[in-house]
Amino acid sequence: MTLQIIDNATCTFCGCVCDDIQLHHDEVRIHEAKKACVLGTAYFLNHTAEKKYPDALIDGKEATVEEAVQTAATLLHEADMPLVYGLSNTTCEAQKLCVAMADQLGGLLDSHTSL
Amino acid sequence: MTCTLGEVKQRADFIVYWGGNPAECHPRHFTKYTIMQKSKFLPRGRKDRTMVMVDIRETKSAKAANIFLQVKPGKDFELITILRALIKDQQVGDEQIAETGLTREALDDLVQRMKSCKFGCFFFGMGLSMTRGKHMNSAALLTLAAEMNAFTKFVAMPMRGHGNVTGADVIMRWQTGYPFGITFNRGYPRYNPGEFSTVDVLVRGDCDAAFIIGADPGATMPQPAINHLKRIPTICLDPHVTHTSKLARVHITTAAQGISAPGTAYRMDEIPMPLKPALKSPYPTDEEVVRRINEAIAQKPFWLPEGSQPQMISTQV
């Protein structure tokens, strides 16, 4: 089977964010990440398009994304001082929405930088 | 006082890594940007560049360096302060130098090299910024870099770890004016690390809910902080079921950035890079889930009583 090739893909494992990686994939998993370092190769090869985990968990039980979204919104809205934390391994677009969430909730906002 | 990695690649003939281990943590930093590249201004590549490694132990990165300076643990601030004095030809006692674990000859040589280079760059890692002195160490090194500009071009840049942590700083600065450790509890952003930074908030038990995205505090934070996350309702978004997911009330699986989620990520020198996802994920992206949660929150009444607006800075006493 021939693999599809993506040139100049971006690796987001470490802060170098190398943007010259060549990925060889078959739509389910990435088989090769050319030019990537050991850390980047592990990052690309360990993520697949398979469904390994449940969509969502509420109190440890499987749930749909919509149920989880509603529960999350209720829990965050009920809180007096909610904390929005992390934001490292995600895209800038999602980070911007997280800032909006903290603003909307009147909560705390923090990233890995403070650790 | 910083620059892009492109400038370092083209021009930096003197590179200092301070308190980091790029050989193992940023494996392509040497080859792609710093010591190995040939350029118009440094045609002989590695031979035209000098690399100094300052660290408390001899890591793999030290083997790549021309000069390795083993500083005593917790003495980085003292060493930087001594260097700041030496570049200005001020007197420094033998006792002060001995305290750092280095010799006067080594420091005189370093100062001479720093002054005679054409373009110097400090890269500082968590070994400097997260040990005794913390941000005061970073501030001291940035001051040293600034003061070196009286003699030659010198810059400093932090070695950022996790993927898009630089992006988090940039986005928060853009949206709120502050990079991290922010609260909106008066309706406008306020910044105070130590009061609003996560570890402190969790250890004191200040917050009563937590929304965790793109991080795994359940594996990395001190135990008292993890215990508080267990006590309060925690919501976790991650491509995997992590330690944090296991203690969380709600976990939502999302697509991994750069693998199956598109978007933008910032490099450590604050250059934004578009992501090129290779795979299609069965899970929604972080962006989509956060938007849906925000919409669900917007359906509920605003957190301040009806009619009351966020208190503006201009009306504060």
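Residues numbered from 1 in each chain as written. Chains lettered and ligands numbered in written order. Predicted model: local features only at pLDDT ≥ 70, side-chain atom pairs only at ≥ 80, totals over all residues. Heavy atoms only, no water.

Comments concerning helix H13 (residues 223-231) of chain B
Residue and element names in this part refer to chain B. Residues of H13 that are buried: Ala 225, Ile 226, His 228 and Leu 229. Buried positions in H13, seen along its axis, are confined to an arc of 160 degrees and lie on one side of it. Turning to H13, the residues buried within the fold contact helix H11 (198-204), strand S8 (209-213), helix H12 (217-220), strand S9 (234-238) and helix H14 (243-247). (Buried < 20%, exposed > 50% of the residue type's maximum accessible area, 1.4 Å probe, protein only. Helix = DSSP H or I, 4+ residues; strand = E, 2+ residues; numbered from the N terminus. Arc of directions from axis to C-beta. Contact = heavy atoms within 4.5 Å.)

Quick look at the sheet that holds strand S2 (residues 21-25) of chain A
Residues and elements named next belong to chain A. Spatially, the three strands line up as an open sheet ordered S1-S2-S3, and their pairing is antiparallel. Two strands bound the open sheet, and with one partner strand each, they are strand S1 (4-9) and strand S3 (30-34). Strand after strand, the sheet turns through a mean of 20 degrees between neighbouring axes, direction not considered. Strands in contact with helix H1 (residues 38-46) are S2 and S3; relative to S3, the strand with the most contacts, it is inclined by about 160 degrees. (Pairing = 2+ DSSP bridges. Axes fitted to C-alpha atoms, helices over the stretch in contact; angles between N-to-C directions.)

Section: the pairing of S3(A)
All names here are of chain A. As defined by bridge partners, S2 adjoins S3 across four bridges and the pair is classed as antiparallel. Paired with His 24 across the strands is Glu 32, a residue of S3. Following S2, the chain reverses through four residues before pairing antiparallel with S3; Glu 27 in that reversal takes a positive phi of roughly 75 degrees.

Here we look at the environment of A:Asn8
Note on placement: A:Asn8 falls in strand S1. By relative accessible area, A:Asn8 is classed as partly exposed at 48%. Distance in space between the C-alpha atoms of A:Asn8 and A:Ile30 is 14 Å, their sequence separation being 22 residues. When neighbours within four sequence positions are excluded, A:Asn8 is seen to be in contact with A:Asp19, A:Asp20, A:Ile21 and B:Lys276.

Some thoughts on the domain arrangement of chain B
The domain boundaries assigned to chain B delineate domain 1 (5-158) and domain 2 (165-307). Centre-to-centre separation of domain 1 of chain B and domain 2 of chain B, based on C-alpha positions: 34 Å. (Domains from an automatic or database assignment.)

A look at the interface of chain A and chain B
Tallying the contact residues gives 89 residues for chain A and 94 residues for chain B. Between chain A and chain B lies a buried interface of about 8300 Å² when both sides are counted; carbon and sulfur atoms form 64% of it. Taken together, chain A and chain B are joined by four salt bridges. Counting across the interface, chain A meets chain B through 44 residue pairs in polar contact (both at pLDDT 80 or more). For the side of chain A that touches chain B, the elements supplying multiple residues, two or more each, are S1, S2, H1, strand S4 (56-58), helix H2 (65-78), strand S6 (82-86), helix H3 (92-105) and strand S7 (108-111) of chain A. Examining the composition of the side of chain A that touches chain B, we find that 14 residues originate from one element, H3(A), more than from any other. Its residues assigned to classes, the side of chain A that touches chain B comprises 48 nonpolar, 24 polar and 17 charged. Where S7(A) and strand S6 (residues 182-183) of chain B come together, two bridges link them in antiparallel fashion. (Buried area = accessible area lost by both parts, 1.4 Å probe. Salt bridge = Lys/Arg side-chain N within 4 Å of Asp/Glu carboxyl O. Polar contact = N/O pair within 3.5 Å; in protein donor to acceptor, adjacent residues only side chain to side chain. Nonpolar A, V, L, I, M, F, W, Y, C, P; charged D, E, K, R; others polar.)

A word on unusual backbone geometry
The phi angle at A:Asn8 is positive, at roughly 50 degrees, despite the residue not being glycine. For B:Lys134, which is not glycine, the phi torsion reads 40 degrees and is therefore positive.

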